[in-house]
Amino acid sequence: MFEFNYVKAKSLSDAAGLIAAHPEAKLLAGGMTLIPTLKQRLAQPSHLVDVGGLPELRGIEMKNGRLAIGAAMQHHEVATSAVVMKAIPALAYLADHIGDPQVRNRGTLGGSVANNDPVADYPAAVLALDATIVTTKREIAAADFFQGMFATALAEGEIIVRLLFAVPKRAAYEKFPHPASGYAMTAVFIAETAAGVRVAVTGAGPGVYRWSGAENALAKKLSSAALDGLTVDPKDMNADIHATREYRANLVKVMAQRAVEKLLATK
Amino acid sequence: MSEIHAATRREDLRLITGRGRYTADWCLPGQLHACFLRSDRAHAEIVSIDARPALKRPGVVAVFTGADAVAAGYTQFPNMMAFTGRGGTTILKPDRPVLAAGKVRYVGETVAMVVAESALAAQDALDAIEIEYNDLPVAVTIEDALAAGGPQLHANVPGNLCFEYEAGNAAAVDQAFAKAAHVTRLKVLTTRVAPNPMEPRACLVSYDAASEAYDIYTCSQGIVMLRRQFSVLTGVPEEKLRFHLHDVGGSFGQRSAVYPEYAAQMIAAKKLGRPVKWVSSRSEGFMSDSHGRGIAIAGELALDRDGRFLAARYQFDCDMGAYLTPTGPVSHLRNPATLMTGVYRIPALYGSFRVVLTNTVPVAAYRGAGRPDIAYAVERLVDRAASELNIDRTELRRRNFIPPDAFPYKTPTMGVYEQSDFAGCLDKALEDADWAGFAKRRDAAGKRGKLRGIGLSTIIEATGAGMYPKDQVAIEFDAQGKLTVYTVSLSSGQGHETTFAAIVAQTLGVPAEEVTLRESVQGKDLTGNHTGGSRSLVGAGSVCKLAAQKLIEHAKPLAAEELELEPSQIDYADGAFRERGGDKMIALMKLAQKHAGKSPHPLNVTAEASVGSTWPNGCHIAEVEIDPATGVTQIMSYVAVDDSGNVINHSIVEGQVHGGVVQGAGQIFGEQVIYDRDSGQLLTGSFSDYSMPRAGMLRDIHVGDHPLPSKLNALGAKGVGESGCTASLSTFANAMTDALRPLGVPHLDMPFTPSKVWHAIRNAKAK
């Protein structure tokens, strides 16, 4: 780790000011990606601006029929929130399957979404539930927010404040954890919303994406059998020492079918 | 010895409440910190290296490079190979300067060492070292290393082949194969794995100019062998090397040897006159702690018409990495050669070995050290033969077991097996695993869409006799008359403080709390073997009993004097000497207190014994279920029935078996060190890519004892440290093969990752 200055921001505007004043500064929330990166000396920020405890970024509540979750809420808090479990139990389930207990008690919703790791869990839910990302500058629709591997619509100095999730009729998340890292080797979030069934896939390809083929099939009939005839093109998939493209393509379909079955089993 | 059932061990509270003292916990006044520049390429000439820019960095005191290592003469590591190879050849030992000189040969090799006022300053300065490399082609696989015209790692090792060895009788085997009714063939690879003890490797060295001696704190498996290894590498006489060895967080063979970093620290500590400390990061550990296994085995088994084994033939290709570790070659050769016959009567055996160098981390002994490898080959061959001949796998084994009346059984290759009951272990395991009820469980799994399989192995091991011909144990009394037992073994999780103290306490008839154990203590003039090869209980443990017995005999005249009787008039029982037919008595501990303060204490004793190899054996059975849609395997049950000889503490036996079986499961289902074949880069350099087994992988392990006391040591123990690994590799693989057989999946080898299993199923279905 290189030396850096640690600053605990007093408020959101204080954090924004610090980030603007120091071009080499980085925001720190849970640090679950940032700290390993620093330890490997892959980043050398001048300052770490800690926003993890800011009241503006905290809280979980129902607001105008939408579930609002503060960006600094830790995975464990989301997983165990009675509000989340009532509104979108699949989201609580997802949060409960991120990393390990240490990660879940440090990592945050905003940090995960801002990082947009192609194997992260939250982006699948955010995209499938068509969530709105509220930042210090504007509101961004999920579809516009994720822009491929580690890339988002966030501008320099823009900080995620909270996420707003429309409550679906039903939803389900099915994850195949990577055997070593525990990240999603492939995971599928399916939401049955007022606007139709939405299927988001994470882990399998270069970034989170919606599987329109599955959405069309499920629009006709919401059953796992509806996906039987579909194939996933392996050339769109990631390959590494743990799994081939063909294997991940298979997992997309299997996880989607299992997510549908899980969704249908919920009331 | 009566068996002890204890839920907790004496050392547990200290270790789990952060009161253990591991190497990184030690600090010395004025200490400096070392950090190593490691090669970022697998094979290259060092064209130039300029450390001067690093010296200008804040806090940096000195930088050392290969030139310093060569000047110190620290270039030849010890090697435990004590036998000759094919045609009387001796093993070719490549030079290994403790900081690379001229060339680097694997990613992670130590190239330079920065010594600074803080670890952070040392790490910061690494970037400033200017180094120019000329990249060379790489060979990270055995195949590439042996290929004609391939990269040449060391000038004195032509074709990267440093040793060829053979065991058994080739002509007898050829004859037997010629008349065989059936021959089963199989090629397997026991993958290269990273042992990953919980404690990172670390070392603290100080030099005392007045006595010209070094004080060394490090993680170890025992003082005597470590001291010898340091001395051989550095030329420093053993009496000038003072070791301070305390708690060790896992060893697995990986902590048995001297490492380059330690010797480099000795150079710095002497030159700078200040202690030098180094603590490895986990990332460094993956690329600098010795790896384990890595043997490609081609096996052939010849059978007659009735399924009786006639002969077996093996070709072993051992991947040793870029340099030879002290234990690597001997453990990869001797143990497989000794155990080629497994638990079977096979009249003719032949094995041919090649020891090969590759551009990878050097390989050393790793839990089992060749025993799991040969058991994997033998037990998979036997299962395959049963399948090919359509003979039940338990029946084929029974037909070929060495029968009870054949012991002591002299194998065609070096071993003399002591009394064993292979059929008894098999029967007990079949019963405990409800083997007979498996068909129903398979049907039920099939209805749930799962492929269920059951597999077994019947295995035997030769425990390590050790490189020292005898093991010594001392019992001494301090100024207060308190009793301490000294051994040269060193626990790294095996629970010696509980077991060895209990052996002494029981033999003396005193409460266990009266006995303190101290291991590998500097200044104790004892010899013996380190902890490894499943030998500590068998060796040090049995000598603990002998020492306690010796103490009683030794104390008798003093007790008689105290009681004003003749020694012939007193007996020892329940911790005290008592007058025969009278009521005079004195407790041993009371007697010790009466003489407290004398130096040396008159009751002090040292006992010793030459304890050779013992032969633990057993039968393990696993059941697995595969989800054909994802290739994911779930381990449904595991039964381990072991003949570990007399059991001293069943809880500790269970712990050993659990650990070994889970390490086996880790290797079978995911663990594997992978290098990029073209660049030689390490692709599994962190826990993000290296699949360590997780606690939930195996929900329950049934451990059953089937003890036949050994006659080879005072405890009747056979050893248990490695049986879990030795048996579980083949047990899991045989269960996987059984689950996949109905689909017609051909041979599949470890690791059985979901992706690999799914592809195998898909390919079989496509046919």
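These numbers come from a predicted model, not from an experiment.

Peer 1: Lay out the overall build of chain B in plain terms, naming residues and giving numbers.
Peer 2: Across its full length, chain B holds 20 helices and 28 strands. A globule of 767 residues ought to have a C-alpha radius of gyration of about 27 Å, and chain B, at 27 Å, matches this closely. Across the 767 residues in chain B, those meeting the buried criterion constitute 54%. Taking as baseline every contact in chain B between residues at least 6 positions apart, the subset at least 24 positions apart corresponds to 81%.

Peer 1: Help me get a handle on the overall build of chain A, residues and values and all.
Peer 2: Within chain A, the regular secondary structure consists of 11 helices and 12 strands. Relative to the compact-globule value of 18 Å for 267 residues, chain A shows a C-alpha radius of gyration of 18 Å, a close match. Taken along its principal axes, the extent of the C-alpha atoms in chain A is 55 × 45 × 30 Å. Long-range pairs, those at least 24 residues apart, make up 60% of the contacts in chain A between residues at least 6 apart in sequence.

Peer 1: Please set out the packing of helix α15 (residues 496-508) of chain B against helix α16 (residues 537-563) of chain B residue by residue, giving values where relevant.
Peer 2: Residues and elements named next belong to chain B. For the pair α15 and α16, interaxial distance at closest approach is 9 Å and the crossing angle is 30 degrees. In terms of orientation, α15 lies roughly parallel with respect to α16. The crossing of α15 and α16 is right-handed. Where α15 approaches α16, its residues Thr-499, Phe-500, Ile-503, Val-504, Thr-507 and Leu-508 are matched on the opposing element by Leu-537, Ala-540, Gly-541, Cys-544, Lys-545, Ala-548, Gln-549, Leu-551 and Ile-552. Of the residues that constitute the contact of α15 with α16, the class distribution is 10 nonpolar, four polar and one charged.

Peer 1: Give me helix α19 (residues 723-740) of chain B: which residues, what numbers.
Peer 2: End to end, α19(B) covers 26 Å across 18 residues, agreeing with the expected 26 Å (1.5 Å per residue, within 8%). Judged by how many residues are buried, α19(B) sits mostly within the fold: 18 of 18 residues are covered.

Peer 1: Give a detailed account of the interface of chain B and chain A, specifying residues and quantitative values.
Peer 2: Across the contact, 14 residues belong to chain B and 12 residues belong to chain A. For the side of chain B that touches chain A, the residue count by class is six nonpolar, seven polar and one charged.

Peer 1: Tell me what's going on with the nonpolar core, and back it up with residues and numbers.
Peer 2: A general tendency of soluble globular proteins is for nonpolar side chains to be buried together. In this structure, Val188(A), Ile190(A), Val199(A), Ala256(A), Ala112(B) and Val114(B) are the most contacted members of the largest nonpolar core, which totals 317 residues. Looking at which element gives the most residues to this core, the answer is α16(B), with 11 residues. Once residues within four sequence positions are removed from consideration, Val114(B) is found in contact with Cys35(B), Ala54(B), Val60(B), Val63(B), Ala122(B), Ala125(B) and Leu126(B).

Peer 1: Please set out the sheet that holds strand β21 (residues 515-519) of chain B residue by residue, giving values where relevant.
Peer 2: Pairing between sheet strands relies on hydrogen bonds along the backbone, with the strands arranged either parallel or antiparallel. Residues and elements named next belong to chain B. With mixed pairing, the four strands of this open sheet are ordered in space as β21-β20-β19-β25. Two strands close off the open sheet at either side, each with one partner strand: β21 and β25 (605-609). Strand after strand, the sheet turns through a mean of 20 degrees between neighbouring axes, direction not considered. Bridge count between strand β19 (residues 471-477) and β25: five bridges; the pairing is antiparallel. The residue bridging Asp-471 from the neighbouring strand is Ala-609, located in β25. Against the sheet, α15 contacts β20 (483-487) and β21, and its axis sits at roughly 130 degrees relative to β21. Along the sheet, α16 contacts β19, β20 and β25; its crossing angle with β25, the most-contacted strand, is approximately 135 degrees.

Peer 1: Pulling in residues and values, what's your account of unusual backbone geometry?
Peer 2: Here the amide bond leading from Phe407(B) into Pro408(B) is cis, since omega sits at -5 degrees, within 30 degrees of zero. Its location among the elements puts Pro408(B) in the loop between α12 (393-400) and β16 (409-410). Put simply, Ser599(B) and Pro600(B) share a cis peptide bond, and its omega is -5 degrees. For Pro600(B), the location among the structural elements is in the loop between α17 (588-594) and β25. Its identity as a non-glycine residue notwithstanding, Asn116(A) has a phi of 45 degrees, on the positive side. Mapped onto the secondary structure, Asn116(A) falls in the loop between α7 (109-115) and α8 (122-128). Despite not being glycine, Asp574(B) shows a phi value in the positive range, around 50 degrees. With respect to the helices and strands, Asp574(B) occurs in the loop between β22 (570-573) and β23 (576-579). Owing to 11 C-beta atoms within 10 Å, Asp574(B) belongs among the exposed residues under this scheme.

Peer 1: Could you give me a rundown of the sheet that holds strand β13 (residues 292-303) of chain B, with the residues and numbers involved?
Peer 2: Residues and elements named next belong to chain B. Pairing within the open sheet is mixed, and its five strands lie in the order β7-β15-β14-β13-β8. The sheet is open, and its two borders are formed by β7 (161-168) and β8 (182-193), each paired with just one other strand. Going across the sheet, the axis of each strand differs from the next one's by a mean of 10 degrees, ignoring polarity. Sheet contacts for helix α11 (residues 371-389): β8, β13 and β14 (309-319); angle to β8, the most-contacted strand, approximately 145 degrees.

Peer 1: I'd like a rundown of the confidence of the model for chain B, residues and numbers included.
Peer 2: Mean pLDDT over chain B: 96, with 99% of residues reaching 70 or higher. Predicted as a complex, the structure gets a pTM of 0.97 and an ipTM equal to 0.96.

Peer 1: Can you explain helix α18 (residues 650-669) of chain B? Please cite residues and give values.
Peer 2: The end-to-end C-alpha distance of α18(B) is 28 Å, a good match for the 28 Å that 20 residues give at a rise of 1.5 Å each. The buried count for α18(B) comes to 14 of 20 residues, which makes it a mostly enclosed element.

Peer 1: Describe the pairing of strand β18 (residues 451-460) of chain B, and please don't skip the residues or the numbers.
Peer 2: Counted residue by residue, β18(B) has 10 buried out of 10 residues, so it is predominantly covered. By the alternation rule, side chains of β18(B) split into Leu451(B), Gly453(B), Gly455(B), Ser457(B) and Ile459(B) and Arg452(B), Ile454(B), Leu456(B), Thr458(B) and Ile460(B), which are all buried.

Peer 1: Report on the environment of Ala51(B), specifying residues and quantitative values.
Peer 2: Here Ala51(B) is to be found in the loop between β2 (44-50) and α2 (52-55). In this structure Ala51(B) comes out as buried when scored by C-beta crowding, with 22 C-beta atoms within 10 Å.

Peer 1: Talk me through the environment of Ala209(B); I want residue IDs and the actual numbers.
Peer 2: All names here are of chain B. One can find Ala-209 in the loop between β9 (202-208) and β10 (213-218). Classification of Ala-209 by C-beta neighbours within 10 Å gives exposed; the count is 8. For the pair Ala-209 and Phe-477, spaced 268 residues apart in sequence, the C-alpha separation works out to 33 Å.

Peer 1: Tell me about the pairing of strand β9 (residues 170-177) of chain A, residues and numbers included.
Peer 2: Residues and elements named next belong to chain A. Of all eight residues that make up β9, six are buried, and the element is covered over most of its length. Two elements, β9 and strand β10 (residues 184-193), share eight bridges in a ladder whose sense is antiparallel. Along β10, the bridge assignment pairs Lys-175 with Ala-187.

Peer 1: Kindly report on the packing of α11(B) against α12(B), identifying the contributing residues and their values.
Peer 2: Residue and element names in this part refer to chain B. Running from N to C, α11 and α12 point in directions that differ by 115 degrees, and their axes come no closer than 9 Å. As summarised for this structure, α11 and α12 are arranged roughly perpendicular, according to the angle between their axes. Here the hand of the crossing between α11 and α12 comes out right-handed. Listed contacts from α12 to Val-382, Asp-383, Ala-385 and Ala-386 of α11 are Arg-393, Leu-396 and Arg-397.

Peer 1: For the environment of Ala433(B), give the residues involved together with the corresponding values.
Peer 2: Positionally, Ala433(B) belongs in the loop between α13 (422-432) and α14 (438-447). Each C-alpha atom, one on Ala433(B) and one on Asn734(B), is 15 Å from the other, the two residues being 301 residues apart in sequence.

Analysis parameters
Residues numbered from 1 in each chain as written. Chains lettered and ligands numbered in written order. Predicted model: local features only at pLDDT ≥ 70, side-chain atom pairs only at ≥ 80, totals over all residues. Helix = DSSP H or I, 4+ residues; strand = E, 2+ residues; numbered from the N terminus. Rg over C-alpha atoms; globule rule 2.2 N^0.38 Å. Buried ≥ 20, exposed ≤ 12 C-beta atoms within 10 Å, placed from the backbone. Contact = placed C-beta atoms within 7 Å. Axes fitted to C-alpha atoms, helices over the stretch in contact; angles between N-to-C directions. Parallel < 35°, antiparallel > 145°, perpendicular 65-115°, else oblique. Left-handed = near helix turned anticlockwise from the far one by under 90°. Nonpolar A, V, L, I, M, F, W, Y, C, P; charged D, E, K, R; others polar. Expected span 1.5 Å × (residues − 1). Core = buried A, V, L, I, M, F, W, Y, C linked by C-beta atoms within 7 Å. Pairing = 2+ DSSP bridges. pLDDT = per-residue confidence, 0-100.

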